[in-house]
Amino acid sequence: MLRLAHRCTRPVHDHTKAIQRRFHNGRNLVQELSSRQFIANVTRPDDLKEHLEQPRSVYLGIDPTAKSLHAGHLLPLLCLLHFQLCGNKVFALIGGATGLVGDPSGRMTERELSEKAQIELNTLNLTRAIQKFFASAATYAKDRLSTQSPALPTVQVLNNLTWLEDVNLLDFLRTTGVHFRVNSMLARDSVKTRMSTQQGISFTEFTYQLLQGYDFCELYRTHGCTIQIGGSDQWGNILSGVELINKVEHGSSSGEDTAKDKGFALTTPLLTTSRGEKFGKSVGNAVWLEPDLTSYFDFYQTPHLNYDGSFSCEPNDLDVEKYLKFFTLLPVEEISSIVHDHQVSPEHHNAQKRLAEEVTLMVHGKDGLDAARVATQVLFGTDYTTLKAEQIIRALSGDPRFVLCTEEEMFNTSLPHLVANHQLAPSKSAARQLAQAGGLYLNNKAQRDSRFLLTREVLIDSKVAIVRAGKDNHRILVLR
């Protein structure tokens, strides 16, 4: 029977202490996470506080059925970031093997089995996205924490296919399956929910919790991981790992209670839609962290114009405070001050704007935030005098409103006809009528001449024309 090796602990580094003093204002990590409402469930919180007096190894599991990271990943990723900021060694585990099985958690119906090639591609994309997120978040943290400390521990991205691909079924049943009791497995919420439906649950999905438990046990043995983080729908799966670690550690396969003093589970709240659905790509409402999938502008607009905790409408004051705690590294005390000022003048939406700026800065960096601000100025602003063509092109390239035009089209087609050609009006006659009625704008100035031709002189930097029909229908015409 496999015995788990004990891992030695490391001394607390001076730079870690400095970060804790500056960022947590005297609170320990568990208290800080609690003050930010990050903790939905946690095992043995008092023991965990003591455990974290030394730097530890912590991991977060990520399902590879999504093609990249999306907003639904942010809460557990940021929780892992908090651990990293306190000097803990952090791992992101992509389920290259378990993704082929399918996790029943949080679902009323069975997942369709994913193709192996798709899982492999998603795993590659997620690996890059995770590394990119933590690199950007580290830069953001350095600025927000005002620390000159050495580099933080680097996030390590692993794939559970590495150890599960060649696992022999008989060996797995003898060394792992023997520690699990069916009655306990049936009691998991994910299983009970599915058992209550007409479809029930397949044996494949039923065994998912064994595989996730095996992962925790493997990472405990090989990397000294003692803490697993996940969304609240993963609570039962994570507990399976905690229980397996203890049963293997104590050499017990009898199912009798043993001292559960090894391993910790911590889950974050789920980000849900206004209908209570899990937020992510599976329900068709994903806000991606990759600019190729969700533009800087659309990402920036999400938190403060379309945000209520479901990323769908403007938040009320309680939502703003909660999400500033979740999605920024601003100290809790500063967040309270921001919310207070917002309550004095709520019509300015300053708290929502600060939320949008902080999240975009953390995920996309300064260049991404600058691009989002430029796009916002183009599409919602009234003064274009400070805008440069290269800024506009960078900010909106790839946006469906962005149109490349030849010189022939740009300068030899009347503005109303350009508007009709690019679907800002249903027809050329409708576009002419719109212009004559004062509803057609060029660079935010009404253009009533139905025969007006663009020239280089009226373009921004002789290259860009911002055309608007009515209140908010835009085309960004760019000379090739």
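Coordinates for the structure precede this section.
Conventions we followed
- Residues numbered from 1 in each chain as written.
- Predicted model: local features only at pLDDT ≥ 70, side-chain atom pairs only at ≥ 80, totals over all residues.
- Heavy atoms only, no water.
- 1 Å grid on protein atoms, 1.4 Å probe; cavity = no way out; pocket = protein on both sides within 12 Å on 5 of 7 lines; lining within 4 Å.
- Points joined across faces, edges and corners; volume = space filled by probe spheres on them.
- Helix = DSSP H or I, 4+ residues; strand = E, 2+ residues; numbered from the N terminus.
- Nonpolar A, V, L, I, M, F, W, Y, C, P; charged D, E, K, R; others polar.
- Contact = heavy atoms within 4.5 Å.
- Buried < 20%, exposed > 50% of the residue type's maximum accessible area, 1.4 Å probe, protein only.
- Right-handed = clockwise from strand over helix to strand, strands pointing away.
- Pairing = 2+ DSSP bridges.
- Core = buried A, V, L, I, M, F, W, Y, C linked by side-chain atoms within 4.5 Å.
- Expected span 1.5 Å × (residues − 1).
- Axes fitted to C-alpha atoms, helices over the stretch in contact; angles between N-to-C directions.
- Parallel < 35°, antiparallel > 145°, perpendicular 65-115°, else oblique.

With that settled, the discussion passes to empty space enclosed by the protein. In this structure the tally under the stated criterion is 2 cavities of 30 Å³ or more. Estimated volume of the largest cavity: approximately 60 Å³. Elements supplying a minimum of two residues to the lining of the largest cavity: α5 (116–145) and α16 (350–380). Here the lining of the largest cavity takes 3 residues from α5, the largest share from any one element. Along the lines of polarity and charge, the residues of the lining of the largest cavity split into 5 nonpolar, 2 polar and 2 charged. In this structure, the second largest cavity spans a volume of roughly 30 Å³. In this structure, the second largest cavity is lined by Asp103, Pro104, Ser190, Val191, Ile201, Glu205, Phe206, Tyr208, Gln209 and Asn237. For the lining of the second largest cavity, the secondary structure elements donating two or more residues are α9 (189–195), α10 (203–206) and α11 (208–223).

This part covers the side chain of Ser68. Its location among the elements puts Ser68 in the loop between β2 (57–62) and α4 (74–85). Discounting chain neighbours no more than four positions away, the residues touching Ser68 are His73, Leu126, Ala129, Trp288, Glu290 and Leu293.

With that settled, consider the pairing of β2. Counting buried residues in β2 gives 5 out of 6 residues, a clear majority hidden from the surface. Considered for its hand, the β-α-β crossover made up of β2, α4 and strand β3 (residues 89–94) is right-handed. Inspection of the sheet shows β2 paired to strand β5 (residues 225–231) by 4 bridges, in the parallel sense. Bridged to Ser57 within β5 is Cys225.

Here we take up the nonpolar core. Core analysis: the largest hydrophobic core is formed by 82 residues, its most contacted members being Phe83, Phe133, Phe327 and Ile392. If one sorts the elements of this core by residue count, α16 sits on top with 14 residues. Ile392 has contacts with Val374, Val378, Leu387, Ser397, Ile460, Val464, Ile466 and Ile476, leaving out every residue within four places of it along the chain. Tyr59, Val191, Leu210 and Tyr214 belong to the second largest nonpolar core, which has 31 residues in total.

With 12 residues, α4 ought to run about 16 Å at 1.5 Å a step, and its terminal C-alpha atoms sit 16 Å apart, in line with that. The element α4 is extensively covered by neighbouring structure, given that 12 of its 12 residues are classed as buried. Gly87 sits one or two positions beyond α4 and adopts a positive phi of about 85 degrees.

As a further point, take the packing of α5 against α16. Close contact between α5 and α16 brings their axes to 7 Å; oriented N to C, the two are set at 130 degrees. Here α5 is positioned oblique relative to α16, judged by the angle of their axes. Seen from α5, the contacting residues are Phe133, Ser136, Ala137, Tyr140 and Arg144; seen from α16, they are Glu358, Leu361, Met362, Val363, His364 and Gly365.

This paragraph deals with the sheet that holds strand β10 (residues 464–469). Strand order in this open sheet of 5 strands is β7-β11-β10-β8-β9, and the pairing throughout is mixed. Among the strands making up the open sheet, the edge pair consists of β7 (402–405) and β9 (445–446). Examined bridge by bridge, strand β8 (residues 440–442) and β10 share 3 bridges and lie antiparallel to one another. Residue pairing for β10: Leu442 is matched across the bridge by Val467. Here helix α17 (residues 389–396) sits on the sheet and contacts β7, β10 and β11 (473–479); the angle it forms with β10, its principal contact strand, is near 60 degrees.

The next thing to look at is unusual backbone geometry. Positioned with a positive phi, Gln423 is a non-glycine residue whose angle comes to about 60 degrees. Mapped onto the secondary structure, Gln423 falls in the loop between α19 (415–421) and α20 (428–436). Positive phi, normally seen in glycine, also occurs at Asn443, with a value near 50 degrees. Taking relative accessible area as the criterion, Asn443 reaches 15% and is therefore assigned buried.

Here we come to the environment of Met195. In this structure, Met195 sits in helix α9. The exposure class assigned to Met195 is partly exposed, which follows from its relative accessible area of 48%. Those residues within four positions of Met195 in sequence are excluded, and the remaining contacts are Leu186 and Ile201.

Purely geometric numbers; function is a separate question.
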